[in-house]
Amino acid sequence: MNTIKKCKAYKIKDSRGDETLEVEMSSNGHTVWASVPAGKSTGSREAVALPVDEAVWNVNRVISPELIGKKADVFEVDDLLVSLDGTENKSNLGANAILGVSLATLKLEAKIANQPLWKHIQSLGHPVSKSVGFPRLFVNVLNGGAHAKFRLPFQEYMFVLGNGMNVAGPINQLQTLFEQLKKKLEAEGKEIKMGDEGGFSFESDDIEEPFNILSELHDKLAIDVAGGEFFENGEYNVCGQKYSLEKLSNLYELLVKKYPLISIEDPFADNDFEAFAFVTKKMRDYGVISQKEDVLVVGDDLTTTNPQMIAKAVDGKLINAVLIKPNQIGTISETLKAIKMTHEAGLKTIISHRSGETMDSFIADLAMGVGAFGLKAGTMFQSERKEKYDRLLEIEQEVNSEK
Ligand code: 2PG
Ligand code: MG
């Protein structure tokens, strides 16, 4: 019988050295491990992670006794977890405890089915995506905001690599671009530090400087503004200057016209719905006039992988792409539901890491399994992020060996 025999949580460290939780789960003959990442620039509607000691206790003392003997079925286990927790935001047992168990169950289920994880996700039949192929890589190479000691105007500046056809090529290209970027920053005499996501960080309050630097190296860029981080009394404070909704939208329009910027994440604060709708329309109009593909306006803190918020964003045409982070919502079932809704509404998904990561490479399998447009996983120069690229390379070889 494919029942759960053991479910045990441990404390481990994440990429920032902070404590997080790992869950070990076994059936007869199979054992899997799952670990949970943590964000720093969190959305106001995210599910609540509890202090790690409490989360570990909840797995070992509350969840585990209920699970032993149950079938390793992620949808059934998630229903049980949600009802055991009994809150809207998972604050009773902790979204970190719940996700650790949910993800371990999915992995165990895949092991029992003797399938690679991405294939198992595909076979669950829940996510629907028209895009077949590999995710594009959204790689944060200049780290600012909450992820760095040095200040840059926005939180993340990314290279976008690949076209869905393969991953080995874009991964090699990333390596070359990263070396070129390092040389360029050094040649400009910049004092550089590493940010939380394995990218560079330097001090600048010149809004266009990072774009000038990156656009000389590559022709597809993305940013994560994390707009909620600098929203103060109805206005946005970018590098000490006040921006109204209108002025900030005009800035985005200027950047899109002047630089190869193809994606803007969280351009505004989580509750500034009107501003999101305004800029998404602006980008659509610009797409029509320029006869280019629409620039992506991506919801992250806005939507928090929450099916209800995604429905609201789709109805209000607030965005045209959704960032997906399993720990924002807390279960695999709800994550898959969020992805399915997004794809069915014709929006793109980008599966994402958190700024505090672990060695768990699940998001690579998830991106592949649901046919996501993109994967945002940081640079390869931090082992916790490199794991995701190594897993993508393995997946590519698994796919090719089937042809
Ligand atoms: C984001 C993420 C990941 P954090 O804002 O998109 O890059 O950051 O995990 O700190 O929320
Ligand atoms: Mg973000």
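Predicted model, so just to flag it, every value in this text is computed and none were measured.

Draft legend 1. Geometry of helix α12 (residues 362-370). Burial analysis of α12 places 9 of its 9 residues in the buried class, the great majority of the element. Every buried residue belonging to α12 is among Phe 362, Ile 363, Ala 364, Asp 365, Leu 366, Ala 367, Met 368, Gly 369 and Val 370, and all of these are buried. Positive backbone phi, approximately 65°, marks Gly 371, located one or two places after α12.

Draft legend 2. Region of the structure containing the domain arrangement of the chain. Structurally, the chain comprises domain 1 (6-114) and domain 2 (123-402). Put simply, the middle of domain 1 and the middle of domain 2, counted by C-alpha atoms, are 26 Å apart. Sorting the residues of domain 1 by area buried against domain 2 places Ser 41, Arg 45 and Phe 75 first, and these three jointly supply 26% of that buried surface. At the boundary of domain 1 and domain 2, one finds 5 salt bridges. Among the salt bridges present, the one from Asp 196 reaches Arg 16, with a minimum N-O distance of 2.7 Å. At the boundary of domain 1 with domain 2, the tally comes to 25 residue pairs in polar contact (both at pLDDT 80 or more). Take the side of domain 1 that touches domain 2: its biggest share by element is 8 residues, from helix α3 (residues 95-112). Of the residues contributing to the side of domain 1 that touches domain 2, the split by class is 15 nonpolar, 9 polar and 9 charged.

Draft legend 3. Here's a closer look at the nonpolar core. With 108 residues, the main nonpolar core has Val 101, Phe 154 and Ile 351 as its most contacted residues. In terms of residue count, the dominant contributor to this core is α3 (9 residues). No fewer than three residues from each of domain 1 (6-114) and domain 2 (123-402) sit in this core. Excluding its chain neighbours within four sequence positions, the residues that come into contact with Ile 351 are Ile 324, Ile 339, Ile 363, Leu 366, Ala 367, Val 370, Ala 372, Gly 374, Leu 375 and Lys 376. Ranked by size, the runner-up nonpolar core spans 10 residues in total, among them Met 158, Val 160, Leu 296 and Ala 321.

Draft legend 4. Up close: the coordination of the magnesium ion (ligand 2). Distances from the magnesium ion (ligand 2) to its protein donors, Asp 224 (OD), Glu 265 (OE) and Asp 300 (OD), fall at 2.0 to 2.1 Å. Along the chain, the residues that donate to the magnesium ion (ligand 2) are spaced as D-x40-E-x34-D. Pair noted here: Asp 224 is in strand β8 (residues 221-224) and Glu 265 is in strand β12 (residues 261-265), with a separation of 41 residues, a long-range link. Assessed through its relative accessible area of 3%, Glu 265 is described here as buried.

Draft legend 5. Seen up close, the site of ligand 1. Among the 16 residues in the neighbourhood of ligand 1, the closest are listed as Lys 40, Glu 156, Glu 197, Ser 355 and Lys 376. For ligand 1, an oxygen atom lies 2.7 Å from a polar atom in the backbone of Lys 40. Glu 156 has a polar side-chain atom sitting 2.7 Å from an oxygen atom of ligand 1. Contact with the protein chains hides 100% of the accessible area of ligand 1, taken as 310 Å² for the molecule alone. A domain split of the shell around ligand 1 shows at least three residues from each of domain 1 (6-114) and domain 2 (123-402).

Draft legend 6. Representation of the sheet that holds strand β1 (residues 6-13) in the model. Pairing within the open sheet is antiparallel, and its 3 strands lie in the order β1-β2-β3. Edge positions in the open sheet fall to β1 and β3 (30-35), since each of these has one partner strand only. Shown here is a sheet whose adjacent strand axes are inclined to one another by a mean of 20°, direction ignored. Here 8 bridges tie β1 to strand β2 (residues 19-27), and the two strands are oriented antiparallel to one another. Within the sheet, the bridge partner assigned to Ile 12 lies in β2 and is Thr 20. The strands touched by helix α1 (residues 52-67) are β1 and β2; relative to β1, the strand with the most contacts, the crossing angle is about 170°. Docked against the sheet, α3 engages β1, β2 and β3, running at close to 145° with respect to β3.

Thresholds, definitions, all that
Residues numbered from 1 in each chain as written. Chains lettered and ligands numbered in written order. Predicted model: local features only at pLDDT ≥ 70, side-chain atom pairs only at ≥ 80, totals over all residues. Heavy atoms only, no water. Buried < 20%, exposed > 50% of the residue type's maximum accessible area, 1.4 Å probe, protein only. Helix = DSSP H or I, 4+ residues; strand = E, 2+ residues; numbered from the N terminus. Domains from an automatic or database assignment. Buried area = accessible area lost by both parts, 1.4 Å probe. Salt bridge = Lys/Arg side-chain N within 4 Å of Asp/Glu carboxyl O. Polar contact = N/O pair within 3.5 Å; in protein donor to acceptor, adjacent residues only side chain to side chain. Nonpolar A, V, L, I, M, F, W, Y, C, P; charged D, E, K, R; others polar. Core = buried A, V, L, I, M, F, W, Y, C linked by side-chain atoms within 4.5 Å. Contact = heavy atoms within 4.5 Å. Donors = N, O, S within 2.8 Å, 3.2 Å for Na, K, Ca; no water. Near = heavy atom within 4 Å. Areas by Shrake-Rupley, 256 points an atom, 1.4 Å probe, with all protein chains shown as cover. Pairing = 2+ DSSP bridges. Axes fitted to C-alpha atoms, helices over the stretch in contact; angles between N-to-C directions.

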